[in-house]
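# Notes for the structure review
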Amino acid sequence: MGDAAETEELARRAAAGDRAALDVLLRQVRPEVVRRCARFLPCREDAEEAAQDVLLQVARRITAFEGRSRFSTWLYTVVANCARQKYRELKRRAAERPEAVDAAWYVDPRTTSVIAGSRIDLLEALEREHPHLVAPLVYRDICQLEYAEAAERVGVPLGTLKSRLHEARKKVRPWLSDAS
């Protein structure tokens, strides 16, 4: 993503209305955004579509970035939300056209992330039963933020984040072993 201080400065300037800074910022973060989206969506095309959604949201909502947290943390929230939305859209499409999901014959690239399964199913199941455990898992295990940054983003002390993360991993582990 380039130099972190440079990215933060570009984000601050873009949030203040500097269009040139926004253009540079979007070009600079794009590879990292695609990589982060691919953590949620295994199909490259799906990850790239979600990344485009992320960049559009950043462009539209950059003025909402107030600089209370680091830009990278704010960006990961947008990534997580857009990737989850893209996955829901893919699941909806696959449900509407089940004949396209015959993986033994032909895999429709638009539904590959659905066929492969996704962390998002786990997150949604966890969210139904233990919503307070989702954010720690997303920020630390999927977005791979440092513990301190994840705690800051979730708005809890570091010890609480670690405790919730441990509990979330414990809840998700049986679901992962069932899926394999």
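Anyway, here's the lowdown on the structure attached to this text. (Residues numbered from 1 in each chain as written. Predicted model: local features only at pLDDT ≥ 70, side-chain atom pairs only at ≥ 80, totals over all residues. Heavy atoms only, no water.)

### A look at the overall build of the protein
Counting its regular elements, the protein contains 9 helices and 0 strands. In sequence order, the secondary structure elements of the protein are arranged as α-α-α-α-α-α-α-α-α. Across the 180 residues that make up the protein, the buried fraction comes to 43%. Residue pairs at least 24 apart in sequence account for 61% of intrachain contacts in the protein once pairs closer than 6 positions are excluded. When the accessible surface of the protein is split by element, carbon and sulfur atoms take 51% of a total near 9700 Å². (Helix = DSSP H or I, 4+ residues; strand = E, 2+ residues; numbered from the N terminus. Buried < 20%, exposed > 50% of the residue type's maximum accessible area, 1.4 Å probe, protein only. Contact = heavy atoms within 4.5 Å. Areas by Shrake-Rupley, 256 points an atom, 1.4 Å probe, with all protein chains shown as cover.)

### What to know about the pattern of salt bridges
One pass over the structure, following the stated rule, counts 9 salt bridges. Residue R12 pairs with E9 through a salt bridge whose shortest N-O separation is 2.4 Å. Note that R12 and E9 are positioned in helix α1 (residues 4–15) at a spacing of 3 residues, about one turn of the helix. The partner of K86 in a salt bridge is E89, and the shortest N-O contact between them spans 3.2 Å. A residue pair is termed a helical-turn pair when its members lie 3 or 4 positions apart in one helix, as K86 and E89 do in helix α4 (residues 71–96) at 3 residues. (Salt bridge = Lys/Arg side-chain N within 4 Å of Asp/Glu carboxyl O.)

### Structural notes on helix α8 (residues 147–154)
Residues of α8 that are buried include every one of E149, A150 and A151, and no others. Following α8 by one or two positions, G155 adopts a phi angle in the positive range, close to 85 degrees.

### Describing the nonpolar core
Ranked by size, the top nonpolar core spans 52 residues in total, and within it V33, F40, V54, V58, I62 and F71 carry the most contacts. Of all the elements in the fold, those that place two or more residues in this core are α1, α2 (19–40), α3 (44–61), α4, α6 (119–129), α7 (134–142), α8 and α9 (158–179). The dominant element in this core, judged by the number of residues it contributes, is α4, at 11 residues. (Core = buried A, V, L, I, M, F, W, Y, C linked by side-chain atoms within 4.5 Å.)

### With respect to the side chain of E32
Mapped onto the elements, E32 comes out in helix α2. Since its relative accessible area comes to 12%, E32 is described here as buried.

### A few points about the packing of α1 against α2
Look at α1 against α2: their axes get within 8 Å of each other, and the N-to-C directions meet at 140 degrees. Taken together, the axes of α1 and α2 lie oblique to each other. Of the two elements, α1 crosses α2, and the hand of that crossing is left-handed. Counted together, E6, T7, L10, A11, R13 and A14 of α1 and A21, L22, V24, L25, Q28 and V29 of α2 form the full contact between these two elements. Counted by class, the contact of α1 with α2 contains 8 nonpolar, 2 polar and 2 charged residues. (Axes fitted to C-alpha atoms, helices over the stretch in contact; angles between N-to-C directions. Parallel < 35°, antiparallel > 145°, perpendicular 65-115°, else oblique. Left-handed = near helix turned anticlockwise from the far one by under 90°. Nonpolar A, V, L, I, M, F, W, Y, C, P; charged D, E, K, R; others polar.)

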